[in-house]
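Fold and contact review
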Amino acid sequence: MATYHKPEARTIQELRDIANKLRLHSIAATNASKSGHPTSCASMAEIMSVLFFNTMRYKVSSPRDASSDRFILSKGHAAPILYAAWAEAGLFPSTDLLSLRKIDSDLEGHPTPRLNFIDVGTGSLGQGLSVACGMAYVGKNYDAASYRVYCLLGDGESAEGSVWEALNFSSHYCLDNLCVIFDINRLGQSEPTALQHNMEVYRRRVEAFGLNAIVVDGHDVDELCKAFHEAANTKGKPTAILAKTFKGKGFPGVEDLEGFHGTPLGGKSDQIVKHINSLIKNNGELQLHPQKPLKDDAPVVDISNIKLSTPPAYTVGDKIATRVAYGSAITKIATNNSRVIALDGDTKNSTYSEKLKKAFPERYIECFIAEQNLVGVAIGAACRDRTVAFVSTFATFFTRAFDQIRMGAISQTNVNFVGSHCGVSIGEDGPSQMGLEDIAMFRTIPGATVFYPSDAVSCERSIEMAANTKGICFIRTSRPATPVLYKNNETFQIGEAKIVQKTNNDDALVIGAGVTLHEALSAADELASEGIHIRVLDPFTIKPLDTSAIIKNAKECKGKILTVEDHYPQGGLGEAVMSAVAGETGIVVRQLAVKELPRSGPPTVLLDRYGISSKSIVAAVKAMLKN
C-alpha cells in the first residue's frame, strides 16, 4: 500500500473550515425554503469536505465527464450539503442555494438529474449503493479506467435489505474502485436507529460481507483523509468507511438530540450560525483542489444507432417462444456494439439471456436472486451513457423492484427490462410465477415504452428498438412457443399497431397480444366457419398505444371492440384500450382478462379456465353481436 502522508496543518484547517461553511450553507438554504434537513447535513460535513476538496478527482467545468470520479448521495434528504459542496467547488454561485425547493429551481428537496452534477435521483432510501455498484462494475470491467465511485449512505437506510444485496454484489465482484461511506449519526427520522453507535457491530457485519471496513471519527478530518487513502490503495475488495458522527454536529442545543429531523433551525439559527462562524479560521476564498489530478482514461463510447447484426430469420408458421427470440436478438445487437450488456437474476436459462453470456461472457452480469440490486446495478451501469443495459427475469419478479424502477424514471435512466413467463400461459408453475401485474406496473412509469411482441420477428425488432429508445423500456416475453406471424422483412414502429387479419365486412375488432393474439386468430377461423368475421389487431406496444388505428378499425367493425389479455384486468391492455376510446361515441369495449387468482395447470386448460382462450373469444364475440 502506498505510504500515507498526513496533510499539512494548513490543509487540515482549511478542510475543517470548508466543513463548517457547508453547514452554514445548509442552514441558510433550509431556512430560506422553510423545509429540509439541516441536521442530517451537519453530520456529514467533514466527510463531504474531505471527499470534494481532498480526495475526489473531477472536472467542475464538466461534472459528468466520463473520467471523473462518481459520487452518489444515497441519503438524498441531505441534498443541501451536496449542493453546497458543488457551489463551494465553483460550479455555481452559493447564492443560488437560497432557491432550494422553490418551484422554479432545480435544487430540489432530493437530488435529481435535472442538475448536471447528479447522475441518479436518490431519496428513496437503500438504493444508492446498488447504483454505485453498477458504476464501479463498468469502471473496472468495461472502461478499465482510473475513476473511483463513492457512495454515502445514512445509517437509517442500512436497515434496507437492498443495501446488503449491494454489499454482497460489490465484494463478490471485487469492486476495489468502490468506496462506501456510512454516516452513522445514531438518529433516524422518528427515533434512534437499531444499532445507534455500536460501531463494532457495524464493522463485523460489513467485514462479513467481504469488505475492508474502516471505523473512523466522522468529524476528524485527518482520520477521514487517511481512511480515503487506504480505500484507494486497497486491492481486491471494496472499502466501507464507517464514520461515527452526530446528527446536528456543531449546532448547540440541537446536536445529537431527537426531534430535529427534517426541521429547519428557524429561531435557533442566529446562535448556531454565530457559533459555527467562530470555528472558521479562514473566511477568505479557499484554494483547495482534488488530491490527485484527473486522469483522462475513460474510453469514448458510442451507443447510438444500434442494429441487429443480421435480420430475423424465421419461417412463418414455425413455433418460436418470444423469450427465445429475445436471447437471439440481444446477442445480435451485442455483436454490433460492444457496450450492449445483459443482467439477470439467476433465470438466464429461462429468459434466454444466457445466449449473450455464451457469446460474450464478459458482457453478462449475474446478479443472482436479488432483484432490487439487479435493477439498481443496471441503472448505475447505464449512467453517463456507458452501456446499453438489458435486465431480464420473470415478469412477476420485477414487482419486487418496483421502487427501484420508479426511481429509475426519476433518474432518467435508459435501462431496458425484459419480463418473461407472463400470465397463466406459463402453466404448472402456478400463480407465484405468473406475471399478471407487470403491464400495469410499467404503464405507470413516466416516459416508459411497453413492448408486447407476439412473435419472434416482432420480438427481435422490439429489442433493437428498445436499445435505441430513451427512457425505460419493458419488453414482455412469453414462455409458450407461438407461431411466427410476420415475414422477416416486416417493419415495426413504436406506437404503430398491426392488423393481422381482416375482411371488408368485419363484425368486431379483437385486440390481443402475445398468446392471446394467437388465440384470437384461432377464434377468427372458427367464427368465419359460422359466417362471423372479426378483425384482429396486434398493438405491438401497449404504451404508447396506437389510438388512431384502434379507433379507425373499431369504427369499421361496427363499433365493437373485444380485448383479450393474459393479465389481470386492472391496468392492462383492456384498460389501455378503454382509455384510448373513452372520448369516442358509438364504440363499446368488452374485456377478457384473468379475473381471479389463478392456480397451477396445463397452459391450455388455464387459458380456457380463466376466459382468455379462443373458445372464450368465440363466445364473447357472439354475445357482443347479440346486444
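For the structure, check the block above.
Residues numbered from 1 in each chain as written. Predicted model: local features only at pLDDT ≥ 70, side-chain atom pairs only at ≥ 80, totals over all residues. Heavy atoms only, no water.

**Comments concerning the side chain of glutamine 404**
Along the polypeptide, glutamine 404 turns up in helix H14 (residues 402-410). Of the residues examined, glutamine 404 reaches a relative accessible area of 5% and is grouped as buried. Sequence-distant contacts of glutamine 404, that is, excluding residues within four places in its chain, are made with Gln127, Ser162, Gln372, Val375 and Ile379. (Helix = DSSP H or I, 4+ residues; strand = E, 2+ residues; numbered from the N terminus. Buried < 20%, exposed > 50% of the residue type's maximum accessible area, 1.4 Å probe, protein only. Contact = heavy atoms within 4.5 Å.)

**A short note on the side chain of serine 26**
Mapped onto the secondary structure, serine 26 falls in helix H1 (residues 9-33). Overall, serine 26 belongs to the buried group, its relative accessible area being 1%. A distance of 2.9 Å separates a polar atom in the side chain of serine 26 from the backbone oxygen of leucine 22. (Polar contact = N/O pair within 3.5 Å; in protein donor to acceptor, adjacent residues only side chain to side chain.)

**Observations regarding the pairing of strand S10 (residues 416-420)**
Most of S10 is tucked away: five of the five residues are buried. Side chains Asn416, Val418 and Ser420 project from S10 onto one buried face, and the interleaved Phe417 and Gly419 project onto a second face that is buried too. As judged from the five bridges shared by strand S9 (residues 388-394) and S10, these two strands associate in the parallel manner. Note on S10: the bridge partner recorded for valine 391 is phenylalanine 417. Crossover S9 to S10 through H14 is right-handed. Bridge analysis of S10 against strand S12 (residues 473-476) gives four bridges, and the strand direction is parallel. The residue bridging valine 418 from the neighbouring strand is isoleucine 475, located in S12. (Pairing = 2+ DSSP bridges. Right-handed = clockwise from strand over helix to strand, strands pointing away.)

**A word on H1**
The end-to-end C-alpha distance of H1, which contains 25 residues, comes to 36 Å, matching closely the 36 Å that a straight helix rising 1.5 Å per residue would cover. Burial runs high along H1: 19 of the 25 residues are buried. In the stretch just after H1, lysine 34 is the one whose phi turns positive, near 60 degrees. (Expected span 1.5 Å × (residues − 1).)

**Some words on the packing of aromatic side chains**
A full pass over the atoms with the stated rule returns 23 aromatic pairs. Ring centres of phenylalanine 52 and tryptophan 86 lie 5.6 Å apart, and the angle between their planes is 80 degrees; on these two criteria the pair is classed as edge-to-face. Taken together, the positions of phenylalanine 52 in helix H3 (residues 45-55) and tryptophan 86 in helix H4 (residues 79-89) put the pair 34 residues apart, joining distant regions of the chain. The two residues phenylalanine 52 and tryptophan 86 agree in class, both being buried. When the ring of phenylalanine 394 is compared with that of phenylalanine 397, the centres are 5.3 Å apart and the planes differ by 5 degrees; the resulting orientation is stacked. Judged by relative accessible area, phenylalanine 397 falls into the partly exposed class, the value being 21%. Pairwise contacts between aromatic rings join Phe52, Tyr58, Phe71, Tyr83, Trp86, Phe92 and Phe117 into one cluster. Sitting over the ring of phenylalanine 360, arginine 363 keeps its end group 4.1 Å from the ring centre. Geometry around phenylalanine 492 places lysine 498 over its ring, the cationic atom sitting 5.0 Å from the centre. (Phe/Tyr/Trp six-rings, centres within 6.5 Å; stacked < 30°, edge-to-face > 60°. Lys NZ or Arg CZ within 6 Å of the ring centre and 35° of its normal.)

**So, the sheet that holds strand S14 (residues 498-501)**
Taken together, five strands build an open sheet; the order of strands is S14-S16-S15-S18-S19 and the sheet is mixed. Only two strands of the sheet have a single partner each, and these edge strands are S14 and strand S19 (588-592). The average angle at which neighbouring strand axes cross in this sheet is 25 degrees, direction not considered. Where strand S18 (residues 560-564) meets S19, five bridges bridge the pair, whose relative direction is parallel. By the bridge assignment, isoleucine 561 is partnered in S19 with valine 589. Relative to the sheet, helix H21 (residues 614-626) contacts strand S15 (508-512), strand S16 (534-538), S18 and S19, its axis offset from that of S18 by approximately 160 degrees. (Axes fitted to C-alpha atoms, helices over the stretch in contact; angles between N-to-C directions.)

**Topic: the packing of H1 against helix H8 (residues 221-232)**
Between H1 and H8, the shortest axis-to-axis distance is 9 Å and the interhelical angle comes to 105 degrees. Classed by the angle they form, the pair H1 and H8 counts as roughly perpendicular. Residues Ile12, Leu15 and Arg16 of H1 lie in contact with H8, whose contacting residues are Val221, Asp222 and Cys225. A breakdown of the residues in the contact of H1 with H8 according to their chemical character gives four nonpolar, no polar and two charged. (Parallel < 35°, antiparallel > 145°, perpendicular 65-115°, else oblique. Nonpolar A, V, L, I, M, F, W, Y, C, P; charged D, E, K, R; others polar.)

**A few points about empty space enclosed by the protein**
One pass over the structure, following the stated rule, counts four cavities of 30 Å³ or more. Of the volumes computed, that of the largest cavity is approximately 150 Å³. Phe71, Ile72, Phe117, Ile118 and Asp119 are, among the 18 residues lining the largest cavity, the residues nearest its centre. Breaking the lining of the largest cavity down by element, the ones donating at least two residues are strand S1 (70-73) and H4. Residues of the lining of the largest cavity, tallied by class, amount to 12 nonpolar, one polar and five charged. One number sums up the size of the second largest cavity: a volume of about 60 Å³. Together, Val120, Gly121, Thr122, Gln127, Val131, Gly376, Ile379, Gln404, Met407, Gly408 and Ser411 line the second largest cavity. Broken down by secondary-structure element, the contributors of at least two residues to the lining of the second largest cavity are helix H13 (371-382) and H14. Of all the elements, H14 adds the most residues to the lining of the second largest cavity, at three residues. Among the residues forming the lining of the second largest cavity, the class breakdown is four nonpolar, seven polar and no charged. (1 Å grid on protein atoms, 1.4 Å probe; cavity = no way out; pocket = protein on both sides within 12 Å on 5 of 7 lines; lining within 4 Å. Points joined across faces, edges and corners; volume = space filled by probe spheres on them.)

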